[in-house]
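Okay, here's what each chain looks like letter by letter:
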Amino acid sequence: MAILETLDIPTVGVAVAVAAVLAVVAYRSFTSKSRGCLHPEEFKKFKLVKRTQLSHNVAEFRFALPTPTSVLGLPIGKHISCKGKDATGAEVVKPYTPTTLDSDVGYFELVIKMYPQGRMSHHFREMRVGDYLSVKGPKGRFNYQVGQVRAFGMLAGGSGITPMYQVARAILENLEDKTKVHLIYANVTFEDILLKEELNGLASSYPDSFKVYYVLNEPPEVWNGGVGFVSKEMIKAHCPPPASDIQILRCGPPPMNKAMAAILDDLGYSSEMQFQF
């Protein structure tokens, strides 16, 4: 009773009210974060807040989420559908994989290679800070659970690196995930290599879990990677051999995907050991 008499009742009431408000804010933040900001069937608009030109035809686009603590809510290996307009004003929808994860709160990023005749490329080429992008998702057939395989082999070409980078980063940044990742990444020239700094950073930070091997059709004079097209010998040297607890992921231009599927079949990788984004 003496303790109660020493307390200022109005002060206690204010403290309780403040605590209740903070609890509601924390709950709303948590539930908002856990749900994510995407809808699988309805396009939602996100504001472009930063555009960084990485090369003459590649740029990184950062889009703000509704709050600084919001997450996009994209499961590992899934992609989003982006809607825009081509040079004629016609509507176009194309899939893209963000390079960010849900550990990156308040925003998501897309690294886009803009092709001269690309319909959605035109939309991104015209985008300026302050513009909005219509997005829906998650989309995709790939489902990942920690420990589902012992190792991944990854065969990527050009902008097909984005889902590989997303999956690799999610695996490597999860201390509970012991999956090994072996990436072969093919391009035409050295300048075409996307996310090279980030990939080299992963290889440096996780040397026991992540390996990357670059292949170029037109390499510079000084080059210690692969030359030409990805070959059977390269896959044998840099990817895990066929086994029930490994999987080879493919993502690149259609001719490359077709060629890689044939090589993997010849090397003894069953259909269950292969997945194409």
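Just so it is clear, the model here is predicted, and its values are computed rather than measured. (Residues numbered from 1 in each chain as written. Predicted model: local features only at pLDDT ≥ 70, side-chain atom pairs only at ≥ 80, totals over all residues. Heavy atoms only, no water.)

Asks: Describe the overall build of the protein, naming the residues involved and giving the relevant values.
Replies: Tallying secondary structure elements over the protein gives seven helices and 12 strands in all. For the protein, buried positions account for 44% of its 277 residues. Restricting to contacts in the protein with at least 6 residues of sequence separation, those with at least 24 account for 72%. Carbon and sulfur atoms make up 57% of the accessible area of the protein, which totals about 14800 Å². (Helix = DSSP H or I, 4+ residues; strand = E, 2+ residues; numbered from the N terminus. Buried < 20%, exposed > 50% of the residue type's maximum accessible area, 1.4 Å probe, protein only. Contact = heavy atoms within 4.5 Å. Areas by Shrake-Rupley, 256 points an atom, 1.4 Å probe, with all protein chains shown as cover.)

Asks: Quick one: what's the story with the pairing of strand 3 (residues 79–85), residue by residue and with numbers?
Replies: Consecutive side chains of a regular strand alternate in pointing toward one face of the sheet and then the other. As paired strands, strand 3 and strand 6 (residues 132–139) are joined by four bridges and run antiparallel to one another. Across the sheet, Cys82 pairs through a bridge with Val135, a residue of strand 6. (Pairing = 2+ DSSP bridges.)

Asks: If you had to explain the sheet that holds strand 2 (residues 58–64) to someone new, which residues and values would you point to?
Replies: Hydrogen bonds along the backbone pair up the strands of a sheet, which may run parallel or antiparallel. Spatially, six strands are ordered 4-3-6-1-2-5 in an open sheet, and the strand pairing comes out antiparallel. The open sheet has two edge strands with one neighbour each: strand 4 (91–96) and strand 5 (107–113). Going from strand to strand, the sheet's axes swing by 40 degrees on average, the running direction of each strand aside. Here six bridges tie strand 3 to strand 4, and the two strands are oriented antiparallel to one another. Opposite Ser81, over in strand 4, you have Pro95 as the bridge partner. The strands touched by helix 3 (residues 119–126) are strand 1 (44–53), strand 2, strand 3, strand 4, strand 5 and strand 6; relative to strand 3, the strand with the most contacts, the crossing angle is about 80 degrees. (Axes fitted to C-alpha atoms, helices over the stretch in contact; angles between N-to-C directions.)

Asks: Help me get a handle on the pattern of salt bridges, residues and values and all.
Replies: A full pass over the atoms with the stated rule returns six salt bridges. Where Glu109 meets Arg62, a salt bridge forms, and the shortest distance between an N and an O atom there is 2.7 Å. Taken together, the residues Glu109 in strand 5 and Arg62 in strand 2 connect sequence positions 47 residues apart. For Asp104, the salt bridge is made with Arg169, and the minimal N-O distance between the two is 2.9 Å. Of this pair, Asp104 sits in the loop between strand 4 and strand 5 while Arg169 sits in helix 4 (residues 161–172), placing them 65 residues apart in sequence. Grouping residues by exposure puts Asp104 and Arg169 together as buried. (Salt bridge = Lys/Arg side-chain N within 4 Å of Asp/Glu carboxyl O.)

Asks: Tell me about the sheet that holds strand 11 (residues 246–251), and please be specific about residues and values.
Replies: Read from one edge of the open sheet, six strands run 10-9-8-7-11-12, paired in parallel fashion. Where the open sheet ends on each side, the last strands, each with one partner, are strand 10 (226–227) and strand 12 (274–276). The pairing of strand 8 (residues 180–187) with strand 9 (residues 210–216) spans seven bridges and is parallel. Residue pairing across strands places Val181 opposite Phe210, the latter belonging to strand 9. Packing of helix 5 (residues 196–205) onto the sheet brings it into contact with strand 8 and strand 9, and relative to strand 9 it is tilted by some 145 degrees. Lying over the sheet, helix 7 (residues 254–266) contacts strand 7 (151–157), strand 8, strand 11 and strand 12, oriented at roughly 155 degrees with respect to strand 11.

Asks: If you had to explain helix 7 to someone new, which residues and values would you point to?
Replies: Over its 13 residues, helix 7 runs 19 Å from end to end, which matches the ideal 18 Å to within 8%, given 1.5 Å per residue. Of all the residues in helix 7, the buried ones are Met256, Asn257, Met260, Ala261, Ile263 and Leu264. Buried residues of helix 7 fall within an arc of 170 degrees about the axis and therefore sit on the same side. Residues of helix 7 that are exposed and point more than 90 degrees away from the buried face comprise Pro254, Pro255, Lys258 and Asp266. One or two steps after helix 7, the chain reaches Gly268, where phi turns positive at roughly 95 degrees. (Expected span 1.5 Å × (residues − 1). Arc of directions from axis to C-beta.)

Asks: Tell me what's going on with the packing of helix 4 against helix 5, and back it up with residues and numbers.
Replies: Relative to each other, helix 4 and helix 5 sit at 30 degrees, their axes nearing to 11 Å. Taken as axis vectors, helix 4 and helix 5 run roughly parallel relative to one another. Viewed along their axes, helix 4 and helix 5 form a crossing whose handedness is left-handed. Touching Ile161, Tyr165, Arg169 and Leu172 of helix 4 are Glu198, Leu199 and Leu202, all from helix 5. Here the contact of helix 4 with helix 5 is composed, by residue class, of five nonpolar, no polar and two charged. (Parallel < 35°, antiparallel > 145°, perpendicular 65-115°, else oblique. Left-handed = near helix turned anticlockwise from the far one by under 90°. Nonpolar A, V, L, I, M, F, W, Y, C, P; charged D, E, K, R; others polar.)

Asks: Give a description of the nonpolar core that names residues and reports values.
Replies: With 29 residues, the main nonpolar core has Met154, Ile161, Leu183, Tyr185 and Leu199 as its most contacted residues. Among the elements of the structure, strand 7, helix 4, strand 8, helix 5, strand 9 and strand 11 are those that each provide at least two residues to this core. Here this core gets seven residues from one element, more than from any other, and that element is helix 4. Discounting residues that sit within four places of it in the chain, Met154 has contacts with Met164, Val167, Ala168, Val181, His182, Leu183, Ile184, Cys239 and Leu249. (Core = buried A, V, L, I, M, F, W, Y, C linked by side-chain atoms within 4.5 Å.)

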